[in-house]
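Take a look at the letters that make up each chain.
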Amino acid sequence: MSNKKELSISLTAKYFSGSATPDEVMELHESLNDPEVKAEFDKMSKLWQASAGNNIHNDINTDEAWQEFSAKIKMKKGKTGLKAYYKYMLAACVVGIILTVAILYKFSNQQVEKQQQYTSTTISTRRLPDSSTAVMNVNSNISFPERFNAVTREVAFEGEGFFDVTPDKHKPFEITVDDIKIKVVGTSFNVRQIKQQLIEVQVVTGIVEMHSADKMISISKGQRGIYDYSGKSLGLENNTDINSFSYATKQFIFNDTPFRTACKYLEKAFHVNIKIDDSVSSESGITSSFKNKSLEYILDVICSTVNAEYIKHNDIIIIKNNNSK
Amino acid sequence: MEQSFKDFFYQYFDKLHAYAHTIVLDNAEAKDIVQHAFIKLWERRSAINLQNDGARYIYRAVYNLSLNAVRNKATRDKHNASLTASNVYSIRHYVEEKELAARLTSGIENLPEKCREVFKKSRYDGLKYAEIANAMGISIKTVEVHMTKALKMLKEQFSDLAIILFAALISIINKI
C-alpha cells in the first residue's frame, strides 16, 4: 500500500458486490480515513446505490445501536444470576399459565363464531385474527371468523389476493375458493380466481397445497398451481411471474422485458390504462428493478430508456416519443 | 461499561453495518449481525486486546455471521418476501434519485456486453463473485476485471454528477 492517496476501484467493486474478505474490507475502510479517498468512495457508493431500486443500504444510528447493545449486555448478566428460588417461582408461573390457557381454550370452543366479511373496492390490506395479512386486489371478497377456532384457520375467498400467512404448525390455514381448498402452514403466495375459468396459486415462499374434490397438488416456492373449472383438473407449472402480483408486493423486476410488456404489468398493478404511441419502440428491452416506487417514478425511468415521455390524465396514460411533438 | 469498548463500538458500528449489508442485502439483518458480533467480542473482552486485535476479530466475526445468514435459506426467503411499506423521501432526494436512476439505467445498458452482464448479476441479482463466475463459466479473476471496468466506466460517465444534481434542482425551482 505505498500509495494511500488513491481509492482502489477493484477493491471497491469487490466490496460493493459482497465478495471482499474481512482483511480487504479493513484495508478499504482504513484508506477512507483520508478525506479525498473518502469523497471518491462516497461518490462511487452513490452510483452503486442508485443503480437499482432495491437493496439500498440505509445509514444506521449508532446511538440507538449502542443503547440496544447495552440493554442486551445487561440482560445477559441477569440471566447468569438466576437462583434456585426463582426457578421454583418460574415453574409455578408456567403451571399457572398452562391452567389458564386450558380454561380459555375450553371456553373459546363454546363461543359462537362471528363471521367478518369484506369486499375491496381499492387495493387494500386486511389483517386476519392470527396476524396473517391478505393484500386484496380490487373487487375481491374475504370472510373469516372474528377469532379462529382451536383447530384450523378457515377463510373464504373470491377474486385476487396476496396472502402472507403467519406460521403455526398446529393450526393449518385453509382458504376456500369455490370447489378448491388451499392449505398452508406458513408462507406467502398469490391467489387469483377468474370466475368459472381458473384458480391460480403462485407461491413466493414455503409450500402450499391445493385440494380439489378428489385430487391434491403440492406447490413449492417458484411454482404455480392452476385449477381449470371446465375440466375440474389441477395442474402444476415450474414458474411464477412475480410482476403479475406487484399490486401487492410493490416490487417489479424487469430483465430485458419488452417495454410493452412492462407497461402491461404497470397497468395491472396500478389499475391504469396505458396507451403507447406507434412512435415508441415498444419492443425494446427494459432491465431495472423497483421496490415501493410510485407509478410516476417507474414511468419516468423506463420511458427515458426508450427516449419517450408520458402524459397522465386520471387513470389514462399516454406514452409517446420525445421527438414526435 | 468500559469507555474504551464504547469508543471502539462507535468507531466501527456503522462501517461494519455497511459491510454486512453488502453480503446479506438486508438492513435489519445486517444490524442484528453486527450486534451479535459485538456481543461475542464483549464476552471475550478479557482475552482480546481491543487496540491490537479487536478490529481484525470483529471484521472476521461479521463476515462469518453474514455468510451463515446467507446460507440460511429462510433468511433469503424472508428477504424476498419482506414488504416494507414505509418509503418517505424528501422532494430533493426523490428528484436526485430519479434523475440518477434514469441516467444510470441507460448508462448500464451502454456498458460492453460481458461487463454489463457481470454488473447486472451482481447489482440486480445480488450474486457474489464466485457465483457469477460459476453462472457464466468464467474465472473469478475475470469477474473482478469486468466489475472494476464497469464501475470505472460508470464513474467516468458520471463525473459530472454534481452538475446534474444541481441542474435538476434548478429545474425544480423554476417549475415552482
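Here, the structure is the one placed above.
Conventions used here
- Residues numbered from 1 in each chain as written.
- Chains lettered and ligands numbered in written order.
- Predicted model: local features only at pLDDT ≥ 70, side-chain atom pairs only at ≥ 80, totals over all residues.
- Heavy atoms only, no water.
- Helix = DSSP H or I, 4+ residues; strand = E, 2+ residues; numbered from the N terminus.
- Buried < 20%, exposed > 50% of the residue type's maximum accessible area, 1.4 Å probe, protein only.
- Contact = heavy atoms within 4.5 Å.
- Polar contact = N/O pair within 3.5 Å; in protein donor to acceptor, adjacent residues only side chain to side chain.
- Salt bridge = Lys/Arg side-chain N within 4 Å of Asp/Glu carboxyl O.
- Buried area = accessible area lost by both parts, 1.4 Å probe.
- Pairing = 2+ DSSP bridges.
- Axes fitted to C-alpha atoms, helices over the stretch in contact; angles between N-to-C directions.
- Phe/Tyr/Trp six-rings, centres within 6.5 Å; stacked < 30°, edge-to-face > 60°.

## Side note on the environment of R60 of chain B
1) Next: Within the secondary structure layout, R60 of chain B lies in helix α3 (residues 50–71).
2) Next: A relative accessible area of 38% places R60 of chain B in the partly exposed class.
3) Next: Measuring from C-alpha to C-alpha, the distance between R60 of chain B and A37 of chain B comes to 9.1 Å, with 23 residues separating the pair along the chain.
4) Next: Contacts of R60 of chain B, omitting those with residues within four sequence positions, involve P22 and D23 of chain A.
5) Next: A distance of 3.3 Å separates the side chain of R60 of chain B from the side chain of D23 of chain A, its partner in a polar contact.

## Describing the pattern of salt bridges
Pairs can form between side chains of opposite charge whenever their charged atoms are close.
1) Next: For the structure on display, the rule yields 21 salt bridges over all chains.
2) Next: In this structure, D23 of chain A and R60 of chain B form a salt bridge, with 3.3 Å as the shortest nitrogen-oxygen distance. With D23 of chain A in helix α2 (residues 22–31) and R60 of chain B in helix α3, the pair connects residues from two separate chains.
3) Next: The exposure class of D23 of chain A is partly exposed, given its relative accessible area of 40%.
4) Next: Salt-bridge contacts for K155 of chain B lead to E40 of chain A; the nearest nitrogen and oxygen are separated by 2.8 Å. Linking K155 of chain B in helix α8 (residues 140–157) with E40 of chain A in helix α3 (residues 35–50), this pair reaches from one chain into another.
5) Next: Overlapping salt bridges, with partners in common, bring together K14 and E24 of chain A together with K141 and E144 of chain B in one network.

## Here's the deal with the side chain of T148 of chain B
1) Next: Tracing the sequence through the fold places T148 of chain B in helix α8.
2) Next: Residue class for T148 of chain B comes out buried when judged on its relative accessible area of 10%.
3) Next: With residues near it in sequence (within four places) discarded, T148 of chain B still touches I9, S10 and A13 of chain A.

## A look at the interface of chain A and chain B
You'll often see interface size given as the accessible area lost when the parts meet.
1) Next: On the chain B side, the residues contacting the 63 residues of chain A number 68 residues.
2) Next: Summed over both sides, the interface between chain A and chain B buries roughly 6,300 Å², with carbon and sulfur atoms accounting for 63% of that surface.
3) Next: Put simply, chain A and chain B have four salt bridges between them.
4) Next: Among the salt bridges present, the one from K31 of chain B reaches E68 of chain A, with a minimum N-O distance of 3.4 Å.
5) Next: One can count 15 residue pairs in polar contact (both at pLDDT 80 or more) joining chain A with chain B.
6) Next: Looking at the side of chain A that touches chain B, the elements with two or more residues in it are α1 (9–16), α2, α3, α4 (62–80), β10 (198–205), β17 (285–291) and α8 (295–305) of chain A.

## Here's the deal with the pairing of β10 of chain A
Residues and elements named next belong to chain A.
1) Next: With seven of its eight residues buried, β10 lies for the most part within the structure.
2) Next: Judged from the seven bridges that link them, strand β9 (residues 188–194) and β10 form a sheet pairing that is antiparallel. Within β10, the residue paired with Q193 across the bridge is I199.
3) Next: With antiparallel pairing between neighbouring strands as the criterion, β9 and β10 make up a hairpin whose turn holds three residues, including Q196 at a positive phi of roughly 65 degrees.
4) Next: Where β10 lies against strand β13 (residues 224–228), five bridges are found, and the strand directions are antiparallel. Note on β13: the bridge partner recorded for I199 is Y227.

## What about unusual backbone geometry?
All names here are of chain A.
1) Next: Residues other than glycine seldom take positive phi values, yet N292 does so here, at roughly 55 degrees.
2) Next: Within the fold, N292 resides in the loop between β17 and α8.
3) Next: The class of N292 is buried, set by a relative accessible area of 18%.

## Re the side chain of R153 of chain A
Residue and element names in this part refer to chain A.
1) Next: One can find R153 in strand β5 (residues 153–158).
2) Next: Of the residues examined, R153 reaches a relative accessible area of 2% and is grouped as buried.
3) Next: In terms of polar contacts, R153 uses its side chain to reach the backbone carbonyl oxygen of T166, at 2.9 Å.
4) Next: Beyond its immediate chain neighbours, meaning those up to four positions away, R153 contacts D130, S132, F148, V165, T166, P167, D168, K171, P172, F173, E174 and V185.

## A few points about the sheet that holds β5 of chain A
Residues and elements named next belong to chain A.
1) Next: With mixed pairing, seven strands are arranged side by side in an open sheet as β1-β4-β5-β7-β8-β11-β12. The open sheet is flanked by β1 (115–119) and β12 (216–220), the only strands paired with a single partner. In this sheet, adjacent strand axes meet at a mean angle of 20 degrees when their direction is disregarded.
2) Next: Of the pairings in the sheet, the one linking strand β7 (residues 173–177) to strand β8 (residues 180–184) comprises five bridges and is antiparallel in character. Looking at β8, one finds that V177 is bridged to I180.

## A few points about the packing of aromatic side chains
1) Next: Taken as a whole, this structure holds 34 aromatic pairs over all chains when the rule is applied.
2) Next: Ring plane angle 85 degrees and centroid distance 6.1 Å describe the contact between F290 of chain A and Y297 of chain A, whose orientation is recorded as edge-to-face. There is no split in this pair, since F290 of chain A and Y297 of chain A are both buried.
3) Next: Between F9 of chain B and F38 of chain B the ring centres are 4.5 Å apart and the planes differ by 45 degrees, which places this aromatic pair in the tilted class. Of this pair, F9 of chain B sits in helix α1 (residues 3–24) while F38 of chain B sits in helix α2 (residues 27–43), and the two are 29 residues apart along the sequence.
4) Next: For F9 of chain B, a relative accessible area of 0% gives the class buried.

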